[in-house]
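Breakdown of the fold
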Amino acid sequence: MAELFTLPVLLGILYSGIRLATPYLYAAIGETFAQRSGVLNLGVDGIMLMGAYSGFYVAMKSGNLWLGLLAAAGTGILMGLMMSVVSVTLQAQQGISGIGLQLFGLGLSTLLFKTTLGGVKSISGFSPVKIPLLGDIPGLGDVLFNHNVLVYGAFLLVPLANWVLNRTTFGLKVRAVGQNPKAADTLGVNVTLIRYITVTLGGMLAGIAGASLSIALINLFQENMTSGMGFIAVALVYFGSWRPVGVMWGALLFSFVNALQLWIQVLGIPLPSDLAVMMPYILTILALTFAANRAQTPAALTKPFERGEN
Amino acid sequence: MIDPAEIEAGTRIAQSAPLPQQVWLTRLVPRTTLHSGAILAIIMAILVYIFLWRTTIGYRIRAVGLNPHASRYAGVPVSFYQALSLILGGAFAGLAGSVEVLGVQHRMMEGMSGGYGFSGIVAALFGQLHPLGAIPASVLFGGLLVGGNKMQRAVQVPSALIDAMLGLVVLFVVSANIWARKRARRREING
């Protein structure tokens, strides 16, 4: 156990934790927008898989990582629109339509993977960019300021999302629609439009989350490579009480525990690996049981809106 | 629990030693995997129907689901019945896993549930959340999964196509509910 508490290992845990948090951050911030407007999108995982696939495929074929990222965002937008049509316009039960979307994304990405790629291939993804000055701080510089561009993007997204939600008219409308769509509608806010925007935005960010895995962090595409990360992202939104900053702390906590268990395995500390893998998930269940602040739940979450109905 | 023979052979999927033949569920039709677990499933579906529609506890479970506030007002301990149904649901999921082990695989192996849990949710929805409706729905989904595997072997179309189709089926079914609701509302208004 003592080998865990050396400086290089602790810095290593910090470094991998920040990397691991990246896909969760994109997906969970996007989901925060959707849920603040009252739509629960459980299909994040399927969108991530489709984003991961399309990002990888386009990056591999074109040799341009930015085009790959664009493709992933575009795929996410399409999947988000699909979820909007089903959940907002057709008022489907959101928990189930999300599972449908997840199955669809899982199946389609696997199908495309098998027909177009055939097997696991890897590409060289976004390489780390060292930030001048800050990156030269001994020890911490490398850990905090020597990441690839998608990692920085994920952490910059947090204050941005916070600002949009709390300081702009659009954010106010999103919160109003999620809290009391009827009142918002009375005041002339287009409930349907706002929900379409947030769910589509959430889809786009979930697509980018998938691409952050396939072209920036792991640099390959594999069948079901997210293995349920999208569901964890949804849980993180609850954990963070629907606030971007809270979501970030949740993502970091989850990822640090994940990094810890990876290092425990790397260092060969005698702890059954299956038990170690379970750690972050057990933590999520405990955190959701004891820490989640339910008073913050958007009042209209999962409730479709129809004019002239109670 | 890992089978020493498997470690030697080096199949990369972790699996246990096979179970003794005495505990296997009986195969109903030779040279297929149809086993007595299927009969058990049908019996359980009927029992659940009786439980939910013909007993007080079942009545309360349904009431809690339909209107928790009214149930609480009527003196039904809502969280107790919610916890009870989750526990029973867990028991049935466990039964599903054990039937798969005892009837089909005859051993424990990694990833053996193969996403059946999610398809199970879909099948429940397809059966209109009714235990008897779950019977044809499960047969349909089982058929789709088996057909997908056959298709993969026969014409090399990846069985993932079936997953994607299942997803679309779910999306269409939940989306179509809006017309049923609208019809019900119209009937309400017109008396």
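Residues numbered from 1 in each chain as written. Chains lettered and ligands numbered in written order. Predicted model: local features only at pLDDT ≥ 70, side-chain atom pairs only at ≥ 80, totals over all residues.

**Some details on the overall build of chain A**
We apply this condition: Helix and strand definitions follow DSSP, with helices as H or I runs of at least four residues and strands as E runs of at least two, each counted in order from the N terminus. Restricting the calculation to C-alpha atoms gives the radius of gyration, and the globule rule supplies 2.2 Å times the number of residues raised to the power 0.38. To sort residues by exposure, count the other C-beta atoms lying within 10 Å of each residue's C-beta; 20 or more gives buried, 12 or fewer gives exposed, and values between give partly exposed, all with C-beta atoms placed from the backbone. We call two residues in contact whenever the C-beta atoms placed from their backbones are within 7 Å.
Across its full length, chain A holds 12 helices and two strands. By the compact-globule yardstick of 19 Å for 310 residues, chain A fits well, its C-alpha radius of gyration being 20 Å. Counting all 310 residues of chain A, 49% fall into the buried class. At a minimum sequence separation of 6, the contacts of chain A that also span at least 24 residues come to 78%.

**Details of the overall build of chain B**
Helices and strands together make up the secondary structure of chain B, namely eight helices and zero strands. Counting helices and strands in the order they occur from the N terminus, chain B gives α-α-α-α-α-α-α-α. By the compact-globule yardstick of 16 Å for 191 residues, chain B is too spread out, its C-alpha radius of gyration being 21 Å. Seen along its three principal axes, the alpha-carbon backbone of chain B occupies a region of about 70 × 40 × 30 Å.

**Details of the domain arrangement of chain B**
Residue and element names in this part refer to chain B. Quick reminder of the rule: Per the annotation, domain bounds derive from an automatic or database assignment of domains. Charged means Asp, Glu, Lys or Arg here, nonpolar means Ala, Val, Leu, Ile, Met, Phe, Trp, Tyr, Cys or Pro, and polar covers whatever is left, Gly included.
Partitioning chain B into domains gives domain 1 (1-113) and domain 2 (115-191). For domain 1 and domain 2, the distance between their C-alpha centres works out to 20 Å. Across the contact, eight residues belong to domain 1 and seven residues belong to domain 2. The set of elements that each furnish at least two residues to the side of domain 1 that touches domain 2 consists of α2 (37-54) and α5 (78-105). Tallying contributions element by element places α2 first for the side of domain 1 that touches domain 2, with five residues. Residue classes in the side of domain 1 that touches domain 2 are distributed as seven nonpolar, one polar and no charged.

**Some details on the packing of helix α10 (residues 229-239) of chain A against helix α12 (residues 273-290) of chain A**
Residue and element names in this part refer to chain A. What counts is decided by this rule: For every element, the axis is a line fit to its C-alpha atoms; helices are fit only across the contacting stretch, and the angle between N-to-C directions ranges from 0 to 180 degrees. Angle categories: roughly parallel below 35 degrees, roughly antiparallel above 145, roughly perpendicular from 65 to 115, and oblique for all the rest. Each helix crossing is assigned a hand: it is left-handed if the near helix lies turned anticlockwise from the far helix by less than a right angle, otherwise right-handed if that turn is clockwise.
Orientation of α10 relative to α12, taken along the N-to-C sense of each, is 30°, at an axis distance of 10 Å. Taken as axis vectors, α10 and α12 run roughly parallel relative to one another. As α10 packs across α12, the resulting crossing turns out to be left-handed. Within the contact between the two elements, α10 uses Ile232, Ala235, Tyr238 and Phe239 and α12 uses Thr284, Ala287 and Leu288. Partitioning the contact of α10 with α12 into residue classes produces six nonpolar, one polar and no charged.

**Overview of the interface of chain A and chain B**
Each partner contributes to the interface: chain A provides 19 residues, whereas chain B provides 18 residues. If one sorts the elements of the side of chain A that touches chain B by residue count, helix α4 (residues 94-117) of chain A sits on top with 14 residues.

**Some words on the confidence of the model for chain B**
We apply this condition: Every residue is assigned a pLDDT by the predictor, reflecting its confidence on a scale from 0 to 100.
Confidence in the prediction of chain B, expressed as mean pLDDT, is 85, and 92% of residues score 70 or more. Scoring of the predicted complex yields 0.87 for pTM and 0.83 for ipTM.

**Re the environment of B:Leu28**
All names here are of chain B. By the secondary structure assignment, Leu28 is in the loop between α1 (4-9) and α2. When the 14 C-beta atoms within 10 Å are taken as the criterion, Leu28 is described as partly exposed. Here the alpha-carbon distance between Leu28 and Ile39, two residues 11 residues apart in the chain, equals 9.7 Å. Apart from the residues lying within four places of it in its own chain, the contact partners of Leu28 are Leu34, His35 and Ser36.

**A closer look at the nonpolar core**
All names here are of chain A. Inclusion rule: In this usage, the nonpolar core is the set of buried Ala, Val, Leu, Ile, Met, Phe, Trp, Tyr and Cys residues whose C-beta atoms join them within 7 Å.
By size, the foremost hydrophobic cluster in this structure holds 103 residues, and its most contacted members are Tyr24, Leu25, Ala27, Ala28 and Leu236. Looking at this core, the element that brings in the most residues is helix α9 (residues 191-217), giving 14 residues. Residues contacting Leu236, with those up to four places away along its chain left out, are Tyr24, Ala28, Val247, Gly250, Ala251 and Phe254.

**Quick word on helix α11 (residues 244-266) of chain A**
Defined as follows: Under the convention used throughout, the expected extent of a helix is 1.5 Å for every residue step, that is, one less than its residue count.
The end-to-end C-alpha distance of α11(A) is 32 Å, a good match for the 33 Å that 23 residues give at a rise of 1.5 Å each. Note on α11(A): the residue one or two positions beyond its end, A:Gly268, has a positive phi of about 70°.

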